[in-house]
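Here is what each chain is made of, one letter per residue.
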Amino acid sequence: MPVIFTGIRIAFISTLVAATLASYIGAGGLGTYIVNGINSLSIDMQLLGVIPIFFMTVAADAILRVCEKVLIPHRGLQNVTKLYGEKPAVWELSLEIEDGKTCVLLGKSGCGKSTTLRMINRLIAPTSGTICVDGKDINDYSAETLRRGIGYVVQGIGLFPYMTVEKNIGVVPQLLKWPKEKIRARVEELLDMVGLDVDQYIHKYPAELSGGEAQRVGVARALAADPPIILMDEPFGAVDPINRMNLQNEFLKIQKRLHKTIVFVTHDIEEAVRMGDKIAVMEQGVLQNYDLPERIVAGPHQEFIQEFLGADYVLKLLSRFLVSECTVPLDDTANQSGGASIPQTSTLQKALSRMISDSLNRLNVIDENGSLVGQIYLDDITKIMKQGRVAQ
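This one's a predicted model, so the numbers in the text were calculated from it and none came from an experiment.

A. Broad picture of the sheet that holds strand β4 (residues 128–133). One open sheet holds the four strands; their spatial order is β2-β1-β4-β5, and the pairing between them is antiparallel. The open sheet has two free edges, formed respectively by β2 (87–96) and β5 (136–137), since each of these has just one partner strand. The sheet contact formed by strand β1 (residues 76–84) and β2 spans six bridges and is antiparallel. In the strand pairing of β2, Gly76 is matched with Glu96.

B. Quick peek at the packing of helix α10 (residues 211–223) against helix α11 (residues 241–258). Axis separation between α10 and α11 bottoms out at 11 Å; the angle between their running directions is 20°. When the interaxial angle is binned, α10 and α11 end up roughly parallel. Remark: the crossing between α10 and α11 carries right-handed chirality. In contact with Gly212, Gln215, Arg216, Val219 and Leu223 of α10, α11 contributes Asn246, Leu247, Glu250, Phe251, Ile254 and Leu258. Its residues assigned to classes, the contact of α10 with α11 shows six nonpolar, three polar and two charged.

C. Inspection of the side chain of Arg274 at higher detail. Tracing the sequence through the fold places Arg274 in helix α12 (residues 269–275). Buried charge without a salt bridge: Arg274, with Glu270 as the nearest opposite-charge side chain at an N-O distance of 5.8 Å. Excluding residues that lie within four positions of it along the chain, Arg274 makes contacts with Met245, Gln248, Asn249, Leu252, Ser319, Arg320 and Thr347.

D. View of the pattern of salt bridges. In this structure the tally under the stated criterion is twelve salt bridges. Across the pair Glu166 and Arg184 runs a salt bridge, and its minimum N-O distance is 3.4 Å. With a gap of 18 residues between them, Glu166 in helix α6 (residues 165–169) and Arg184 in helix α8 (residues 180–193) connect regions that are remote in the sequence. Ionic pairing is found between Glu188 and Arg184, a salt bridge with its closest N-O pair at 2.8 Å. Here Arg184 and Glu188 lie together in helix α8, a separation of four residues that amounts to about one turn.

E. Examining the side chain of Ser319 more closely. Examined against the element boundaries, Ser319 turns out to sit in the loop between α14 (313–317) and β11 (341–343). For Ser319, a relative accessible area of 4% translates into the label buried. Side-chain polar atoms of Ser319 contact the backbone oxygen of Lys316, separated by 2.6 Å. In this structure Ser319 touches Glu270, Val273, Arg274, Thr347 and Gln349, once residues within four positions along its chain are discounted.

F. Layout of the nonpolar core. The biggest cluster of nonpolar side chains holds 47 residues, and the ones touching the most others in it are Leu106, Ile169, Met232, Phe236 and Ile279. Take this core: its biggest share by element is six residues, from α10. Excluding residues within four positions of it along the chain, Ile279 makes contact with Val104, Leu106, Ala272, Val273, Asn289, Tyr290, Asp291, Pro293, Ile296 and Tyr313. Judged by nonpolar contacts, the second largest core, of 26 residues, contains Val133, Leu231, Val263 and Val265.

G. Focus on the sheet that holds strand β8 (residues 261–266). If you walk across this open sheet you meet the six strands as β6-β7-β8-β3-β9-β10, and the pairing is mixed. At either margin of the open sheet sits one strand with a lone partner, and together these are β6 (150–154) and β10 (286–291). Neighbour-to-neighbour, the strand axes of the sheet open up by a mean angle of 15°, direction not taken into account. As paired strands, strand β7 (residues 229–233) and β8 are joined by five bridges and run parallel to one another. The partner of Leu231 across the bridge, within β8, is Val263. Along the sheet, α10 contacts β6 and β7; its crossing angle with β6, the most-contacted strand, is approximately 165°.

H. Main features of the packing of aromatic side chains. If you walk through the whole model with that rule in mind, you get three aromatic pairs. Between Phe236 and Phe264, the aromatic rings sit 6.1 Å apart at their centres with planes inclined by 55°, giving tilted as the arrangement. You can see Phe236 sitting in the loop between β7 and α11 and its partner Phe264 sitting in strand β8, a full 28 residues away along the chain. With a relative accessible area of 1%, Phe236 lands in the buried category. An aromatic cluster is present here, built from Phe236, Phe251 and Phe264 joined pairwise through their rings. Taking the ring centre of Tyr141 as reference, the NZ or CZ of Lys136 above it sits at 4.5 Å.

I. Expanded view of the pairing of β4. Examined bridge by bridge, β1 and β4 share four bridges and lie antiparallel to one another. Along β4, the bridge assignment pairs Thr81 with Ser128. As paired elements, β4 and β5 share two bridges and run antiparallel to each other. Paired with Val133 across the strands is Lys136, a residue of β5. Turn length for the β4-β5 hairpin, with the two strands adjacent in sequence and antiparallel, is two residues, and the turn residue Asp134 shows positive phi of about 55°.

Each value, and the rule that gives it
Residues numbered from 1 in each chain as written. Predicted model: local features only at pLDDT ≥ 70, side-chain atom pairs only at ≥ 80, totals over all residues. Heavy atoms only, no water. Pairing = 2+ DSSP bridges. Helix = DSSP H or I, 4+ residues; strand = E, 2+ residues; numbered from the N terminus. Axes fitted to C-alpha atoms, helices over the stretch in contact; angles between N-to-C directions. Parallel < 35°, antiparallel > 145°, perpendicular 65-115°, else oblique. Left-handed = near helix turned anticlockwise from the far one by under 90°. Contact = heavy atoms within 4.5 Å. Nonpolar A, V, L, I, M, F, W, Y, C, P; charged D, E, K, R; others polar. Buried < 20%, exposed > 50% of the residue type's maximum accessible area, 1.4 Å probe, protein only. Lys, Arg positive; Asp, Glu negative; His and termini not counted. Salt bridge = Lys/Arg side-chain N within 4 Å of Asp/Glu carboxyl O. Polar contact = N/O pair within 3.5 Å; in protein donor to acceptor, adjacent residues only side chain to side chain. Core = buried A, V, L, I, M, F, W, Y, C linked by side-chain atoms within 4.5 Å. Phe/Tyr/Trp six-rings, centres within 6.5 Å; stacked < 30°, edge-to-face > 60°. Lys NZ or Arg CZ within 6 Å of the ring centre and 35° of its normal.

Right, here's the structure in full:
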């Protein structure tokens, strides 16, 4: 499809150019103005021919580019189906995945989200439909080339047990024949990025790592060759809640810095809300809705969506926002010497929980040094719960 549209666009523009050239040999058309203008040295007549042809060419090219963009996803799936016998694991799935954003596939076990992820890097072949990466059908890549351009993080971590942390992270760069010095520098950079001390961890083996540490190494390995796309299949599901929250926070910081295109699988609604720019809710292989977290409850299949997300979804939505986003300057009544406070890096969900448990309508906000930087009010959190977003 992309090749067809490119061919049409080139053919159309070539036709306009040919029509102009034809006028030079007496075939008429707008090019006649150009020819007569040149012969008479009349700039006005030349412009009468050049300007319409120029705008016709630009307009035609723009229209065809828009059609190509609308009909062909730059990165995404079109009518993708996967059948096992007569049973559909995924049915007619279409998703446009935006560059530099995180698309979360959310649903119960067996809904088709992991199958979808594995079809993207051709670990599983779809029965029908098209999957595009960079505007190109994945079947137009060799499997090896495709997978080397996609990072992959799984719940089981998947580190090679007899390789050190350095060797595990450097697997793909080594396959790409990077120089040893470049690989070492990249490993050190990534260990620092995921919050692991280089000297302490670089020579360790997977058996010497905790679950959270191993998962960080897994994320570093997925980023090693700097792929534009990262696939993450329940990446933080095997660690305890505290480490899970820390890993989520670290990864959000990394994503804010790197802007990778991420497809993230989870069955955890709160994790989906925190991690996703857009959420695709799936059920029995069928897409129920695909939208921003604050709008996911609207649209089709509302009854199922609302039942699945739960009545407390609006509270989960507060985990997307930080206290710093709603902090207002200190007023004259603020307690400068003490009182209830909360770090500005905490979520609004935690702020609300603290206010309810302590029967407060506001909290002092502190920075990483413990200094007061402002306050947050219950009324402001309530507004966000109603609007689903922070006022700009």
